[in-house]
Amino acid sequence: MKKAITIAACGAISVIAASMAIARQAAADGGTPVSVIATLEPKRGKTIPPIEPQDIMVREGRDQRPVLGFTPLRGQQGSLQLLLLIDDSSRGTFDTEIGTLKQFINTLPPYIEVGVGYMRNGISEMAQNFTRDHEAAANSIRLVLGPGGADVSPYDSLTDAIKKWPQNTQAERREIVMISSGIEGLGGGYMPDNPYVNAGIESAIRAGIVVYTIYNPSVGHFGHSFWRTTWGQNFLSQLSDETGGDSYIVGFGSPVDFTPFLDSILANLQRQYRLTFSARAEKKSGYQSIRVSIDTKDASIAAPDRVFVRAGT
């Protein structure tokens, strides 16, 4: 027991020492250390070559920022809380995918904590709090309520789910699989700067949460309104792109099978890293746009389009 405690203490000391070293590096550059979850992807073929920190470019505007760390997140070291967030306004065809979602949850590695929530009327309701009991999480998935969800705003529901996220988590990663039509019904406008969509994106970015989205049509009139559906898909893609995730959309109808989407998400979870870089120091806390790329290797990298940088840190 004493040996285990000593090993744990040494590990904690090592993490603190590494964090202090990163902070010193950033301070020497006049910047602020910021970490994001980044996902490596093959550019051509299926193989990803070895990637080192010096292969990664992080830019703020035209300025290249120093990369301070690039740590793989695998196994217990990449501990993860994954929230399955389902739109209660989904068309009834969603119900045929419940078995697929249950199988996905039950095949996840045991270190992943899973939660299940439903989006209704701009809020989120947890059907299962985060647990490593994957069978319990899978069994909490129920039929969608249909019109009761009312297509209010899945982005308000997303913000609500993030506000309700347990604050004492020790997980290295927090990620969401959001199944929705993406239709925003509060009247924020069909444009890239919809305030409700942006609020959902910013709350995810600030919390360091990656959001994957799966398009599933809405029930009722909105579900066959071409222009609402088009913008709903645009909003889902915007949400995933700006938080470092992926969006899965096949036409305007119900997906034949969620399995390829879920397999892709699982593969992405196994190719994630914690990317730390020195952001420009600012006098006021706020969001800064970044662009992360790999220019010299045959690989791509997905990361958030913005980061939240605290003043004076």
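It should be noted that the structure appears before, not after, this text.
Residues numbered from 1 in each chain as written. Predicted model: local features only at pLDDT ≥ 70, side-chain atom pairs only at ≥ 80, totals over all residues. Heavy atoms only, no water.

### Here we look at the pattern of salt bridges
To keep things clear, this is the line we draw: We define a salt bridge as a side-chain nitrogen of Lys or Arg found within 4 Å of a carboxyl oxygen belonging to Asp or Glu. Think of it this way: any DSSP run of H or I at least four residues long counts as a helix, any run of E at least two long counts as a strand, and we number them from the N terminus.
Across all of its chains, the model carries 14 salt bridges by this definition. The salt bridge partner of K297 is D55, with a shortest N-O separation of 3.0 Å. In this pair, K297 is assigned in the loop between strand 13 (291-294) and strand 14 (299-302) and D55 in the loop between strand 1 (31-42) and strand 2 (56-60), connecting sequence segments 242 residues apart. When the shortest N-O distance is used, the salt bridge between D88 and R142 registers 2.9 Å. Separated by 54 residues along the polypeptide, D88 in the loop between strand 5 (80-87) and helix 2 (98-106) and R142 in the loop between helix 3 (134-139) and helix 4 (154-163) bring together distant segments of the chain. Here the residues in one salt-bridge network are E60, D63, R65, R280 and E282, joined through shared partners.

### Comments concerning the environment of N129
Here is the rule we go by: It only takes one pair of heavy atoms within 4.5 Å for two residues to be counted as in contact.
Checked against the element boundaries, N129 lands in strand 7 (residues 123-131). Spatially, the C-alpha atoms of N129 and E113 are 9.1 Å apart, while their sequence positions differ by 16 residues. What N129 contacts, discounting residues up to four positions off in sequence, is V114 and G115.

### Side note on empty space enclosed by the protein
Short version of the rule: Here a cavity means grid points, on a 1 Å grid over the protein atoms only, where a 1.4 Å probe fits yet cannot get out; a pocket means an open set of points with protein on both sides within 12 Å along at least five of seven lines; lining residues are those with an atom within 4 Å of a point. Grid points are joined across faces, edges and corners, and a volume is the space filled by probe spheres set on the points. Under the scheme applied, nonpolar residues are Ala, Val, Leu, Ile, Met, Phe, Trp, Tyr, Cys and Pro; charged residues are Asp, Glu, Lys and Arg; polar residues are all the others, including Gly.
One pass over the full model with this rule turns up two cavities of 30 Å³ or more. Here the second largest cavity is characterised by a volume of approximately 30 Å³. What lines the second largest cavity is L82, L83, L84, F104, I105, V114 and V177. Counting residues per element, the ones that place at least two in the lining of the second largest cavity are strand 5 and helix 2. The element best represented in the lining of the second largest cavity is strand 5, accounting for three residues. For the lining of the second largest cavity, the class distribution of residues is seven nonpolar, no polar and no charged.

### Regarding the environment of T96
The condition that has to hold: Only protein chains enter the accessibility calculation, which uses a 1.4 Å probe. A residue is then buried if its area is under 20% of the maximum for its type, exposed if over 50%, and partly exposed in between.
In this fold, T96 is placed in the loop between strand 5 and helix 2. Taking the relative accessible area as the measure of exposure, T96 reaches 63% and is therefore exposed. The spatial distance from the C-alpha of T96 to the C-alpha of F258 is 9.9 Å, given a sequence separation of 162 residues.

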